[in-house]
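# Per-entry structural report
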Amino acid sequence: MTADAALVCPSCGIAHPSNERFCEDCGMPLVHADAAEPAASERQRRARKIKPQYTDGALVKVARAENQSQAEFIAGMLLEEGIPSVLRGSGVVVAPYAPMLGSRDVLVPESGAQAAREALKWDGRAPGAAGA
């Protein structure tokens, strides 16, 4: 870091001269080097992705996954769209000693249900199929 580089990117940590306002690499607003925040936890990073307009109302089911891995994948897709979700066992106990098995329901707040359904829309055709 050079003496004239008073600003840094909070995302990638690259130093910038004091006349710059945004990181050239990632576009984040620059902050003063001495005022840099401590690194955000994984929970904080996830929370920052959620769009407030998708957080109101009762939880509604928007998808069903065959297992925990699929459910977490769907939840990740929704989070990338800014939609928070909750995973819930569907009530069918496959093996009481293996809680990762069994289907899961993916629930989102009512205000995010339509956006979630659109984000998860799939027409059933394989990638590369005719008309896909």
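What comes next concerns the included structure.

### Structural notes on the pattern of salt bridges
Throughout the structure, instances matching the rule amount to 4 salt bridges. Lys49 is the salt-bridge partner of Glu80, the closest N and O atoms lying 2.7 Å from each other. Of this pair, Glu80 sits in helix α2 (residues 68-80) while Lys49 sits in helix α1 (residues 42-49), and the two are 31 residues apart along the sequence. You can call Glu80 exposed: its relative accessible area is 54%. The shortest N-O distance in the salt bridge between Asp105 and Lys61 comes to 3.4 Å. Of this pair, Asp105 sits in strand β6 (residues 104-109) while Lys61 sits in strand β4 (residues 59-65), and the two are 44 residues apart along the sequence.

### Examining the sheet that holds β4
If you trace the 3 strands from one edge of the open sheet to the other, you get β4-β6-β5, paired in antiparallel fashion. Each end of this open sheet is capped by a strand with a single partner; those strands are β4 and β5 (86-89). Sheet twist, expressed as the mean angle between neighbouring strand axes with direction ignored, is 35°. With 6 bridges joining them, β4 and β6 adopt antiparallel strand pairing. Residue Ala63 lies in a different strand from β6, and its bridge partner there is Val106. Of the strands in this sheet, β4, β5 and β6 touch α2, which is tilted by about 20° from β6. Against the sheet, helix α3 (residues 110-119) engages β4 and β6, with an angle of about 120° to β6.

### Points about the side chain of Arg104
Here Arg104 shows up in strand β6. Comment: no salt bridge for buried Arg104; closest opposite-charge side chain is Glu72, at 7.5 Å. At 2.7 Å, the side chain of Arg104 forms a polar contact with the side chain of Gln68.

### Some words on the sheet that holds strand β2 (residues 15-16)
Strand order in the open sheet made by the 3 strands is β2-β1-β3, with antiparallel pairing throughout. Edge positions in the open sheet fall to β2 and β3 (31-32), since each of these has one partner strand only. In this structure, strand β1 (residues 7-8) lies alongside β3, joined through 2 bridges in antiparallel fashion. Each bridged residue has a counterpart across the sheet, and for Val8 the counterpart in β3 is Val31.

### Some points on the environment of Ile50
One can find Ile50 in the loop between α1 and β4. Sequence-distant contacts of Ile50, that is, excluding residues within four places in its chain, are made with Thr55, Leu79, Gly82 and Pro84.

### Overview of the state of the cysteines
Considering all chains together, one arrives at 0 disulfides under this definition. Counting only cysteine sulfurs, Cys26 is the nearest neighbor of Cys9, a cysteine outside any disulfide, at a range of 3.3 Å. For Cys9, a relative accessible area of 2% translates into the label buried. Judged by its relative accessible area of 38%, Cys26 falls in the partly exposed class.

Rules and cut-offs
The numbers attached to residues start from 1 for each chain and follow its sequence in the written order. Predicted model: local features are reported for residues with pLDDT of at least 70 only, side-chain atom pairs are reported and counted for 80 or more only, and whole-chain, interface and lining totals are derived from all residues. Side-chain numbers come from the whole structure's heavy atoms, not from hydrogens or water. We define a salt bridge as a side-chain nitrogen of Lys or Arg found within 4 Å of a carboxyl oxygen belonging to Asp or Glu. Going along the chain from the N terminus, every DSSP run of H or I of four or more residues is numbered as a helix, and every run of E of two or more is numbered as a strand. Here the term buried applies to any residue with accessible area under 20% of the maximum for its type, exposed to any over 50%, and partly exposed to those in between, with areas from a 1.4 Å probe on protein chains only. Two strands are counted as paired when DSSP detects at least two bridges linking them. Note on geometry: axes are lines fitted to C-alpha atoms, helical ones only across the stretch in contact, with angles between N-to-C directions running from 0 to 180 degrees. The contact definition used throughout considers only heavy atoms, calling two residues in contact when any of these lie within 4.5 Å. Charge counting treats Lys and Arg as positive and Asp and Glu as negative, with His and both chain ends excluded. Polar contacts, as counted here, are pairs of nitrogen or oxygen atoms within 3.5 Å of one another; within protein the pair requires one atom able to donate a hydrogen and one able to accept it, and residues that are adjacent in sequence qualify only if both atoms are side-chain atoms. Count a disulfide wherever a pair of cysteine sulfur atoms falls within 2.5 Å.

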